[in-house]
Amino acid sequence: MSLYKSSKSMQFLWLITAVLFIFLLLTNPVNSAALVNTGLTTWYKHMIPALFPFMVLSGFLLRSGLSMQLSAFLNPILGRIFRLSPNCIYVIIMGFLCGFPMGANVVAESLSLNRISRREADLLLAFCNNIGPIYFVSFAYAACPFLTLEIAISIMYGIPLLYGLILRYTRYKDIPYTKASSTPKHPCGNLNSYNNTLNYPEAFQESLQKSITSIVTLGAYMVIFNVIQLPLYNSFYKIPDNLLCIFKGLIEINSGISAISDFLQLYMIVYSIFLPFCGLCCFFQTYAMIKDTPLSLRNYFIHKLIQTIFTLFLYIVLLNVQ
């Protein structure tokens, strides 16, 4: 009975929320159109150029089996450090170089194609889905320069790497590790099958179709979460500008960074909260990447929250030392 009541309560809550947003959309057409336009502009000007080619390329490498050749370069180093298979090293490389949400996308595709195990996917999702270096340098740091670029980059990517290492040797120490040769005969590493490798044209076509679906879904989330900011713009109450910037960043990170760029005193929030936490829009975009897998969005949220707390603590210490 309690479960039924809870379900009915949730239905009522979602209904009230939907009605509220319909009312806001009808009564604030100018702001609604501006927010939708902002979401679409961010999608086709920034997200498509930065992500779509990487999605197609990564999917092609995975489906064709060529990902093993790429990971072979760094596997002798990262493989020994993390004690993970070459396929896991490929996920780490693509996740950190290509940026969010490519980390989640590569983890999900690698798991679906049986390149990595469920246990390995859980570990990799915990620390490989971060803001990309191109986005970080060209947009976030350019809009809100804070400390030095070297320190900001070291913290931005050092904490996830360190967190992944800690997880590997504690909670995920049960993952088996088998050393692979530089030209492995069994590309799956710790798995026994590699039967779903496609020829190059088929691998490219399947990757292209999957990437188109994914990038359109991400764009839709970008638009929706810009529209979700609509309650922040109204004539009934006035939100202080500094709080408005924080709320916007927690909902959709691009809007938050753009808004905070005018407030020097809020720059640390970008680096200690927005970038490691990524915002609600990013969580739903991650869900879009992993929804067809058994991976847990709840666990991903907890891992992101822990890394955000670590990052905030480190920046507070650095500012107090200076």
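As a reminder, the structure under discussion sits directly above these lines.
An account of the accompanying structure is given in this report. (Residues numbered from 1 in each chain as written. Predicted model: local features only at pLDDT ≥ 70, side-chain atom pairs only at ≥ 80, totals over all residues. Heavy atoms only, no water.)

Look at helix α8 (residues 149-168): 29 Å from first C-alpha to last across 20 residues, which is about the 28 Å you get at 1.5 Å a residue. Where α8 bends most, at G158, the angle is about 30°, and the proline P160 comes one to four residues later. The set of residues buried in α8 consists of A152, I155, M156, Y157, I159, P160, Y163, G164, L167 and R168. Looking at the buried positions of α8, the neighbouring elements they touch are α3 (67-82), α4 (86-98), α6 (118-127), α7 (133-143), α12 (267-277) and α14 (297-321). (Helix = DSSP H or I, 4+ residues; strand = E, 2+ residues; numbered from the N terminus. Expected span 1.5 Å × (residues − 1). Bend = angle between axes of the 7 residues up to and from the residue. Buried < 20%, exposed > 50% of the residue type's maximum accessible area, 1.4 Å probe, protein only. Contact = heavy atoms within 4.5 Å.)

Right, let's talk about the packing of aromatic side chains for a bit. What the rule picks out here adds up to 19 aromatic pairs. Taking the centre distance of 5.0 Å and the plane angle of 45° together, the rings of F225 and F284 count as tilted. In this pair, F225 sits in helix α9 (residues 200-227) while F284 sits in helix α13 (residues 280-290), placing the two residues 59 residues apart along the sequence. Residue classification places F225 among the buried positions, given a relative accessible area of 6%. By relative accessible area, which is 39% here, F284 ends up partly exposed. Every member of this aromatic cluster is reached through a ring pair, and the members are F82, F96, F127, F136, Y141, F146, Y157, Y271 and Y315. (Phe/Tyr/Trp six-rings, centres within 6.5 Å; stacked < 30°, edge-to-face > 60°.)

Grouped together as the largest cluster of nonpolar side chains are 84 residues, with contacts concentrated most on L84, I92, L124, F127, I260, Y271 and L275. Among the elements that line this core, the one with the most residues is α4, at 9 residues. (Core = buried A, V, L, I, M, F, W, Y, C linked by side-chain atoms within 4.5 Å.)

Time to look at helix α10 (residues 241-251). Buried within α10 we find L244, C245, K248, G249 and I251. All buried residues of α10 fall inside an arc of 160° around its axis, so they share one side. Each element contacted by the buried residues of α10 is listed here: α9, α11 (253-260), α12 and α13. (Arc of directions from axis to C-beta.)

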